[in-house]
Amino acid sequence: MVPPREPLPYPDIDVLPPHLQDAVTSRASLNIFRMIMHTPALAPSFLTLANDVLQQNSLPPTWRELVILRVGFRYHCGYELHHHLNIGRAIGVTEADIAAAESGSTESLGEEEANILRLADLILTNHTLSAAERTAALKTLSINQLADLTLTVGFYQLVCNFLNIFGVQPEGSPQ
């Protein structure tokens, strides 16, 4: 794991327009949402997409969390892992699933979960799927699910980059 980076200062939420203040406080003032306010013009769209990736995703929730965890482990993103380990466990992701997401080894997983992690790794490593890989993926995933898998990987790459660059730490950590 990469050691935590010293966080950049958080913006002063009190000087933001009321709709952005509400956007932060309605999300429990989590550090990611506080820090994203450094880009007040993009923050509303980011928050909408973040919500939609979590709430409107066609992947089963445990698959979605496996993908997010795999991205978090590959990016050594402590903040993301802190939150999504908790979310994953709460919705039924097992310790064996978490170990697989951390190591990339799919031996302990069922066929579908192993396929999801392999696809996530292919996207993370190659930034695409070959024609054969895409055809194979579509034998078990709908086009909607493949699209959501691809967007989930990409969105959480963006999130992990942001969190790592800005040094965002879990709530309650010394800042």
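Residues numbered from 1 in each chain as written. Predicted model: local features only at pLDDT ≥ 70, side-chain atom pairs only at ≥ 80, totals over all residues. Heavy atoms only, no water.

An unreviewed UniProt entry annotates the protein chain as Carboxymuconolactone decarboxylase family protein of Mycobacterium vicinigordonae.

Moving on to the packing of aromatic side chains. Inspection of the entire model under this criterion finds 3 aromatic pairs. With a centroid separation of 5.2 Å and 90 degrees between ring planes, the pair formed by Phe155 and Tyr156 is classed as edge-to-face. An identical accessibility class is assigned to Phe155 and Tyr156; each is buried. Here the basic side chain of Arg27 rests over the ring of Phe33, its NZ or CZ set 5.9 Å away from the ring centre. Over the face of the ring belonging to Tyr10 we find Arg34, whose NZ or CZ atom lies 3.8 Å from the ring centre. (Phe/Tyr/Trp six-rings, centres within 6.5 Å; stacked < 30°, edge-to-face > 60°. Buried < 20%, exposed > 50% of the residue type's maximum accessible area, 1.4 Å probe, protein only. Lys NZ or Arg CZ within 6 Å of the ring centre and 35° of its normal.)

Before going further, it helps to examine the side chain of Asn164. Take Asn164: it is sitting in helix H9 (residues 143–166). Using a relative accessible area of 11% as the deciding quantity, one classes Asn164 as buried. Aside from chain neighbours lying at most four places away, what touches Asn164 is Arg5, Tyr75, His76 and Cys77. (Helix = DSSP H or I, 4+ residues; strand = E, 2+ residues; numbered from the N terminus. Contact = heavy atoms within 4.5 Å.)

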